[in-house]
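Geometric and topological summary
Residue strings, one per chain:
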Amino acid sequence: MYSIEEKAKRQRVRNYLSRYVISKRRIQQLTERLNNLKEDEKEPLNGVAYSSTPKSSSISQGSAAYLFRKEDIIENIEAQRAEKYKSLADIIAVINHLPEESIKRLVLEYKYIDGLSGKEICKKMYWASLSSVDTHLADAIGMLIDDNKAMETINKYYEVKQNEN
């Protein structure tokens, strides 16, 4: 079993590696919200259709609120896209510390870049049990923890993030 310090390091590495998949999911969620707003635009509850050009001399408060929500979601999507690409580059830089042809590296890439579940990884690798995936992931994370440059990159990210708050 791992010591408390070792568990904390492993969790830190997993959190760091999860950033890309989390960003992808956030973009999907925000895009879904934006699409829902666009659907509301077609069938508003108040019975007044939204138009980007005003039909009268004043814009109702509902239209303004709708536009602000829509613009806010669009800005969040753009920010999340930038974070997604930055986190992907960061994660690849850390994963590159593992041997190129390693099964452990491949499993790590499937999990943290492709966003596959343990069952999906088993299917791709033609493995019968999830324990194989868990073992390879644990070994790969252990190899990253043992690599000083990989951990330096990860720790630097968290130091910068902590200083931002």
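Before reading on, note that the structure itself is shown above.
The structure reproduced in this document is the subject of the present report. Note that the structure is predicted; figures quoted are calculated from it, not measured.

Across its full length, the protein holds six helices and zero strands. Mapped in sequence order, the helices and strands of the protein form the string α-α-α-α-α-α. Counting every position in the protein, which comprises 165 residues, the buried fraction comes to 32%. Sequence separation of at least 24 residues holds for 73% of the intrachain contacts in the protein that already meet a minimum separation of 6. As displayed, the protein offers around 11300 Å² of accessible surface, 50% of which is attributable to carbon and sulfur atoms.

Moving on to the pattern of salt bridges. A side chain with one charge can pair with a side chain of the opposite charge if their charged atoms come near. Per the stated rule, a full pass over the model turns up ten salt bridges. With a shortest N-O distance of 3.4 Å, arginine 10 and glutamate 6 are connected by a salt bridge. One end of the pair is arginine 10 and the other is glutamate 6, both in helix 1 (residues 4-42) and four residues apart, which spans about a single turn. For arginine 10, a relative accessible area of 8% puts it in the buried group. Between arginine 19 and glutamate 83 there is a salt bridge, and its shortest N-O distance comes to 3.6 Å. Linking arginine 19 in helix 1 with glutamate 83 in helix 2 (residues 61-95), this pair joins segments that are 64 residues apart in sequence. For arginine 19, a relative accessible area of 8% corresponds to the buried category. Linked by salt bridges that have partners in common, Arg19, Glu83, Lys86 and Asp90 make up one network.

Next up on the list: the side chain of arginine 10. In terms of polar contacts, arginine 10 uses its side chain to reach the side chain of tyrosine 2, at 3.3 Å. The residues contacting arginine 10, other than those within four sequence positions of it, are Tyr2, Ala138, Ile141, Gly142 and Ile145.

The rules we used
Residues numbered from 1 in each chain as written. Predicted model: local features only at pLDDT ≥ 70, side-chain atom pairs only at ≥ 80, totals over all residues. Heavy atoms only, no water. Helix = DSSP H or I, 4+ residues; strand = E, 2+ residues; numbered from the N terminus. Buried < 20%, exposed > 50% of the residue type's maximum accessible area, 1.4 Å probe, protein only. Contact = heavy atoms within 4.5 Å. Areas by Shrake-Rupley, 256 points an atom, 1.4 Å probe, with all protein chains shown as cover. Salt bridge = Lys/Arg side-chain N within 4 Å of Asp/Glu carboxyl O. Polar contact = N/O pair within 3.5 Å; in protein donor to acceptor, adjacent residues only side chain to side chain.

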